[in-house]
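# Descriptive structure summary
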Amino acid sequence: TGLFRESRAERNWRIGQALLQSGIATPRPLAFVAPRIPGIGRRCYLAVEWLEDAMCGADYLNALRQQTARERHEKLNDLADSLGTLLGRMHRRGFWHRDLKIYNLMFRERDGKTESFVIDLDSAGQSPVTSPTRRLRDLARGVPHLATCNASCWSCSSANTGLVGRPKCCAG
C-alpha cells in the first residue's frame, strides 16, 4: 500500500478504458478521484456512464420469469448469443474477470436484441495470453448464477467463443 500505488478507482478507470478500446462492452469510465493525503484513508471514487434501460443480471433474469415460455425462450437464446460474444471477445483479447457472476453483468434490450455489459472491474485484468484454464475458471464462476430461468446446463457449442453457448433448453 505504497504512496504511489494505483488506487482502485484509477485501476478500474484504466481497465474500463482498455475494455472499450478493445470493443468490449462496459460502462464508459468518465472520471475518478483518488486524493493522496498522507495519514488519511485512501478513499477513491469512480464515475461511469449511466446505461439507460440496463438491468443488473439478476434483475434481468427475474424479469424473464414473468414472460411467457415462448418469450423467455427467445430472450434466453438472444442473451446466450450476446453474453457468449462478450465473453469470447474478452478472452480473445486477453481480458479476464475473477469475479464473473450474474451480479457483475448488465443487460438491456435495444432494437429487439440483448446487449451485455461487464461491470465491477475490481477483479478484472488483462494479460497477453489468457489460458484456456483461466477462461474456463472464469466461466465456471458465472454458470451457477446463469443456470436459472430454464437454463440449467450450458453447452460448449457457440461459434462466438468455443467455451460458452446456448443453454441446452434453448438449443435449436
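Okay, so let's go over this structure. (Residues numbered from 1 in each chain as written. Predicted model: local features only at pLDDT ≥ 70, side-chain atom pairs only at ≥ 80, totals over all residues. Heavy atoms only, no water.)

## What to know about the overall build of the chain
The line we're drawing: Counting from the N terminus, the helices are the DSSP runs of H or I reaching at least four residues and the strands are the DSSP runs of E reaching at least two. Type-normalised accessible area, obtained with a 1.4 Å probe on protein chains alone, sets the label of each residue: buried when under 20%, exposed when over 50%, and partly exposed for intermediate values. Whether two residues are in contact is decided by their heavy atoms: any pair within 4.5 Å suffices. Using the Shrake-Rupley algorithm and a 1.4 Å probe, accessible areas are obtained, with residue cover drawn only from the displayed protein chains.
Per the secondary structure count, the chain includes 4 helices and 7 strands. Helices and strands in the chain line up, N terminus first, as α-β-β-β-α-α-β-β-β-β-α. Across the 172 residues in the chain, those meeting the buried criterion constitute 41%. Counting only contacts in the chain whose residues sit at least 6 apart along the sequence, the fraction spanning at least 24 positions is 65%. Carbon and sulfur atoms provide 52% of the accessible area of the chain, an area that totals close to 9,700 Å².

## Quick look at the sheet that holds strand 5 (residues 105–110)
Selection rule: Any two strands with at least two DSSP-identified bridges between them are counted as paired.
The antiparallel open sheet is built from 3 strands, whose spatial order is 3-5-6. At either end of the open sheet lies a strand with only one pairing partner, and these are strand 3 (55–56) and strand 6 (113–118). In this sheet, strand 6 lies alongside strand 5 in antiparallel orientation, the contact comprising 6 bridges. Residue R108 lies in a different strand from strand 6, and its bridge partner there is E115.

## Remarks on a nonpolar patch on the surface
Rule in force here: Each patch is built from residues that are more than 30% exposed by relative accessible area and take part in no salt bridge. Like charges join if they lie within 9 Å; nonpolar side chains (Val, Leu, Ile, Met, Phe, Trp, Tyr) join within 5 Å. By salt bridge we mean one thing: a side-chain nitrogen of Lys or Arg within 4 Å of a carboxyl oxygen of Asp or Glu.
On the surface, a nonpolar cluster with roughly 300 Å² of combined accessible area is contributed by W13, F32, L46 and V48. Position of W13 relative to the elements: it lies in helix 1 (residues 8–21).

## Considerations on unusual backbone geometry
In the Ramachandran plot, D53 falls in the positive-phi region, its phi being about 70 degrees despite a non-glycine side chain. One can find D53 in the loop between strand 2 (45–48) and strand 3. Judged by its relative accessible area of 54%, D53 falls in the exposed class. With a phi angle near 50 degrees, D111 is a residue other than glycine that sits in the positive phi range. Position of D111 among the secondary structure elements: in the loop between strand 5 and strand 6. Given a relative accessible area of 82%, D111 falls into the exposed group.

## Some points on helix 1
Put simply, the rule is: Expected span of a helix, by definition, is 1.5 Å for each gap between consecutive residues, and there is one gap fewer than residues.
Taking 1.5 Å of rise per residue, the 14 residues of helix 1 would be expected to cover 20 Å, and the 20 Å separating its terminal C-alpha atoms lies within 8% of that figure. Next to the buried residues of helix 1 lie strand 1 (29–33), strand 2, strand 4 (95–97), strand 6 and strand 7 (124–126). In the segment just after helix 1, G23 is the residue with positive phi, at about 80 degrees.

Keep in mind that these numbers describe shape and distance, not what the molecule does.
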